[in-house]
Amino acid sequence: MAESLVLAEREGAVAVVLLNRPEQLNALSDELMEELVARLRELDRDEEVRAIVLGGNERAFAAGADIGELAQASAIELYYQRRVERWNAIRGLWTPLVAAVSGYCLGGGCELAMSCDLIVASESAQFGQPETGLGIIPGAGGTQRLTRAVGKALAMDMILSGRRLSAHEALAAGLVARVVAKEAWLDEAKRVAGDIAEKGPVATRLAKESVDRAYETGLAAGLEAERRALYLSFASEDAKEGLTAFAEKRKPDFKGR
Ligand code: CAA
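The rules behind the values
- Residues numbered from 1 in each chain as written.
- Predicted model: local features only at pLDDT ≥ 70, side-chain atom pairs only at ≥ 80, totals over all residues.
- Heavy atoms only, no water.
- Helix = DSSP H or I, 4+ residues; strand = E, 2+ residues; numbered from the N terminus.
- Rg over C-alpha atoms; globule rule 2.2 N^0.38 Å.
- Buried < 20%, exposed > 50% of the residue type's maximum accessible area, 1.4 Å probe, protein only.
- Contact = heavy atoms within 4.5 Å.
- Lys, Arg positive; Asp, Glu negative; His and termini not counted.
- Charge placed at Lys NZ, Arg CZ, Asp CG, Glu CD.
- Pairing = 2+ DSSP bridges.
- Axes fitted to C-alpha atoms, helices over the stretch in contact; angles between N-to-C directions.
- Near = heavy atom within 4 Å.
- Polar contact = N/O pair within 3.5 Å; in protein donor to acceptor, adjacent residues only side chain to side chain.
- Areas by Shrake-Rupley, 256 points an atom, 1.4 Å probe, with all protein chains shown as cover.
- Domains from an automatic or database assignment.
- Buried area = accessible area lost by both parts, 1.4 Å probe.
- Salt bridge = Lys/Arg side-chain N within 4 Å of Asp/Glu carboxyl O.

**A short note on the overall build of the protein**
Helices and strands together make up the secondary structure of the protein, namely 12 helices and 10 strands. Whereas a compact globule of 257 residues would reach a radius of gyration of roughly 18 Å, the protein reaches 19 Å, a difference of no more than 12%. Every one of the 257 residues in the protein was classed for burial, and the buried ones make up 43%. Contacts in the protein between residues far apart in sequence, at least 24 positions, make up 67% of those at least 6 positions apart. Of the charged side chains in the protein, 32 are positive and 39 negative, and the gap between their average positions amounts to 5 Å.

**A few points about the pairing of strand 1 (residues 6-11)**
Judged from the six bridges that link them, strand 1 and strand 2 (residues 14-19) form a sheet pairing that is antiparallel. Among the inter-strand pairings, Val6 is bridged to a residue of strand 2, identified as Leu19. With antiparallel pairing between neighbouring strands as the criterion, strand 1 and strand 2 make up a hairpin whose turn holds two residues, including Gly12 at a positive phi of roughly 65°.

**Description of the sheet that holds strand 8 (residues 126-128)**
Pairing is mixed across the open sheet formed by four strands, whose spatial order is 4-6-8-9. Every other strand in the sheet has two partners, leaving strand 4 (60-62) and strand 9 (165-166) as the edge strands with one partner each. Across the face of the sheet, helix 5 (residues 108-115) comes into contact with strand 4, strand 6 (104-106) and strand 8 while running at roughly 90° to strand 6.

**Comments concerning the sheet that holds strand 5 (residues 97-101)**
Read from one edge to the other, the open sheet built from six strands follows the order 1-2-3-5-7-10, with strand pairing classed as mixed. Every other strand in the sheet has two partners, leaving strand 1 and strand 10 (178-180) as the edge strands with one partner each. Across the sheet, the mean angle from the axis of one strand to that of its neighbour is 20°, orientation sign disregarded.

**Here's the deal with the site of the ligand**
Not every one of the 21 residues close to the ligand is listed here, only the nearest: Ala63, Ala65, Gly108, Glu111 and Glu131. The contact in question runs from an oxygen atom of the ligand to an N or O atom on the side chain of Arg59, over 3.0 Å. For the ligand, an oxygen atom lies 3.4 Å from a polar atom in the side chain of Tyr104. Burial of the ligand by the surrounding chains reaches 61%, relative to a free accessible area of 970 Å². For the shell around the ligand, the secondary structure elements donating two or more residues are strand 6 and helix 5.

**Some remarks on the domain arrangement of the protein**
Buried accessible area, meaning the area lost when the parts come together, often serves as the stated size of an interface. What the domain assignment lists for the protein is domain 1 (6-197) and domain 2 (201-247). Using C-alpha coordinates to define each centre, domain 1 is positioned 26 Å away from domain 2. Each side of the interface is counted separately: domain 1 has nine residues, and domain 2 has six residues. Summed over both sides, the interface between domain 1 and domain 2 buries roughly 710 Å², with carbon and sulfur atoms accounting for 51% of that surface. Of all residues in domain 1, the largest losses of buried area upon contact with domain 2 belong to Arg91, Trp94 and Arg148, amounting jointly to 53% of the total for that side. Scanning the region where domain 1 abuts domain 2 turns up two salt bridges.

As structure tokens, this is what we get:
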């Protein structure tokens, strides 16, 4: 039986999902993406899962879309593969997604990492959007998300010249949240996910949605959305539990209600 292209395991409230096409540096084939989205959706529906880590292996998070497949496909075939729906599905997940990036994080790989809620990078990580070198352009948010994350100057440099950012450059530019030693890339991402998983699930969901709004709307509309989300969080049992637990000097027992 063919080995799964996506491996998943649970560690308490954290699910760890690893891309598993090491010989091709986790190139995001059609089949891999299909499997990835199905697996993520499944985990997202499981209320026991409160955070997901998405990683590759030490050598590569992912080296982009599968170039062999792209070379064979016509525009209409790509269109009918509904690739956009898959990427939207990843962005539509309720469960916070932490990218654990080690090694190559290029093209669609960089776009996948940017589709997560935050990125934890190993010192070995390299971020880039090399598509124009193939005669195409980034097609899963690279020109948009990268520009919002690092600003126009750096985004243009990376996308037009093929410049790759080291982990520390990516940290300084605001693309990644944390840089850790090579050997800690997965453990640190799991630790961050564990921290997220301990918080109130309703509040976490609302906070994630509110931060996303900062990308999509103007300030006034974003502040309005934040205010409504705050009131909604107050309507949760978790809010009562969290506020009471603090007063009683104990750890809150959040139920996600
Ligand atoms: N698609 C398919 N196969 C890939 C791949 C990709 N994106 N990236 C690497 N591979 C394969 C290589 O073909 C090679 O396979 P073989 O052993 O069968 O020859 C194997 O992975 C190992 O790669 P290399 O021998 O090239 O390893 P390296 O260490 O010398 O170089 C690298 C690593 C710099 C990442 C180089 O592999 C590379 O440049 N890869 C392509 C990166 C790229 O251009 N990504 C963008 C893809 S397009 C995209 O993502 C589109 C989009 O957004 C819409």
